[in-house]
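These are the residues of each chain, in order.
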Amino acid sequence: MSEQDFRHRLTADSVGRALELVGERWTLLILRETFFGVRRYGQLARNLGIPRPTLSARLKRLVEAGLLEKVAYEEDKHEYRLTDSGKGLFPAVIALMTWGDTYLPSPEGPPILLRHNDCGEHADPFLACGHCGGEITTNAVTPEPGPGFVSR
């Protein structure tokens, strides 16, 4: 396979494109915090123990990419709010959280439980088909070329 073929595969790959933006540890942890209501720079820095220059750079990139928006709440003060695009990553972060709780468990148990507001029970998240509601697993789907597929 030539180098050109390899580059094309990466640019045509949805997972690769997503990881270019959010595939770094601090970025996902910042998003996790925003999903759970943390919006202010100081809170993010304290909760994550992240170096401030790193936090500033990641927040800038998330704003530029349209995942967060910077909103003033007082004169010269602002907070970071999820956009629809940012909220769309919630299932990915919850999938990572669920995987971590299952395969890299803490002896004390999960550090965060999700209570489902509709039924009041602790949520047991899973990936489901939007058409039939069936669970999506590696054995329940077959990948096939989509409209953006280019064979080489």
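Quick notes on the rules
Counting starts from 1 at the beginning of each chain's written sequence and moves along it residue by residue. Residue-level local features of this predicted model are given only where pLDDT is at least 70; pairs of side-chain atoms are given and counted only at 80 or more, and the full residue set underlies all totals for whole chains, interfaces and linings. Just so you know, side-chain values use all the structure's heavy atoms and leave hydrogens and water out. Whenever a carboxyl oxygen of Asp or Glu lies within 4 Å of a side-chain nitrogen of Lys or Arg, that contact is scored as a salt bridge. Helical segments are the DSSP runs of H or I of at least four residues, strand segments are the runs of E of at least two, and each set is numbered from the N terminus. Under the scheme applied here, a residue whose accessible area is under 20% of the maximum for its type counts as buried, over 50% as exposed, and between as partly exposed, the area being computed with a 1.4 Å probe on protein chains only. Residues are treated as being in contact if the distance between any of their heavy atoms lies within 4.5 Å. To estimate the expected span of a helix, count its residues, drop one, and scale the result by 1.5 Å. Taking the helix axis as origin, the arc is that swept by the directions to the C-beta atoms. Pairs were defined over the aromatic rings of Phe, Tyr and Trp, the Trp ring being its six-membered one, requiring ring centres within 6.5 Å. Orientation was assigned from the angle between planes: stacked under 30 degrees, edge-to-face over 60, tilted for the rest.

Trainee: Just checking my understanding: could you explain the pattern of salt bridges for this structure?
Mentor: If charged atoms from side chains of opposite charge come close, those side chains can pair. Within this structure, the stated rule accounts for six salt bridges. Notably, a salt bridge pairs R58 with E24, separated by 2.8 Å at the nearest N-O pair. Residue R58 is located in helix α5 (residues 52-64), and its partner E24 is located in the loop between α2 (14-22) and α3 (25-35); the two are separated by 34 residues in the primary sequence. Among the ionic pairs, R81 bridges to E79, the shortest N-O distance being 2.8 Å.

Trainee: So what exactly am I meant to see when it comes to the environment of F149 here?
Mentor: Inspection of the secondary structure assignment puts F149 in the segment after α7 (90-103). Residue F149 is classed as exposed on the basis of its relative accessible area, which comes to 52%. Along the sequence, F149 and D13 sit 136 residues apart, while their C-alpha atoms lie 8.7 Å from each other.

Trainee: I tried to follow the environment of A72 on my own but got confused; where do I start?
Mentor: Assignment of secondary structure puts A72 in strand β1 (residues 68-74). Once the C-alpha coordinates of A72 and I136 are considered, the two residues, 64 residues apart in sequence, prove to be 40 Å apart. Residue contacts for A72: discarding those within four places in its chain leaves K77 and H78.

Trainee: Help me understand α5 in this model?
Mentor: Its 13 residues give α5 an end-to-end C-alpha distance of 18 Å, which sits within 8% of 18 Å, the value for a rise of 1.5 Å per residue. Inspection of α5 places L55, L59 and L62 among the buried residues, and these make up the whole buried set. Axial view of α5: buried residues confined to an arc of 65°, hence all on one face. The outward face of α5, more than 90 degrees from its buried face, is lined by the exposed residues P53, K60 and E64. Summarising the contacts, the buried residues of α5 are in contact with α3, α4 (41-48), β1 and β2 (77-82). Of the residues one or two after α5, G66 is the one with positive phi, at around 85°.

Trainee: Sorry if this is basic, but what is going on with the packing of aromatic side chains here?
Mentor: Given two aromatic rings, their pairing is described by the distance between the two centres and the angle made by the two planes. Per the stated rule, a full pass over the model turns up two aromatic pairs. Between F35 and F90 the ring centres are 5.1 Å apart and the planes differ by 80°, which places this aromatic pair in the edge-to-face class. Residue F35 is located in helix α3, and its partner F90 is located in helix α7; the two are separated by 55 residues in the primary sequence. Looking at F35, the relative accessible area reads 16%, which means it is buried. The exposure class assigned to F90 is partly exposed, which follows from its relative accessible area of 33%. Where W99 meets Y103, the ring centres are 5.7 Å apart and the plane angle is 40°; that geometry is what we call tilted. Pair noted here: W99 and Y103 are both in helix α7, with a separation of four residues, about one helical turn.

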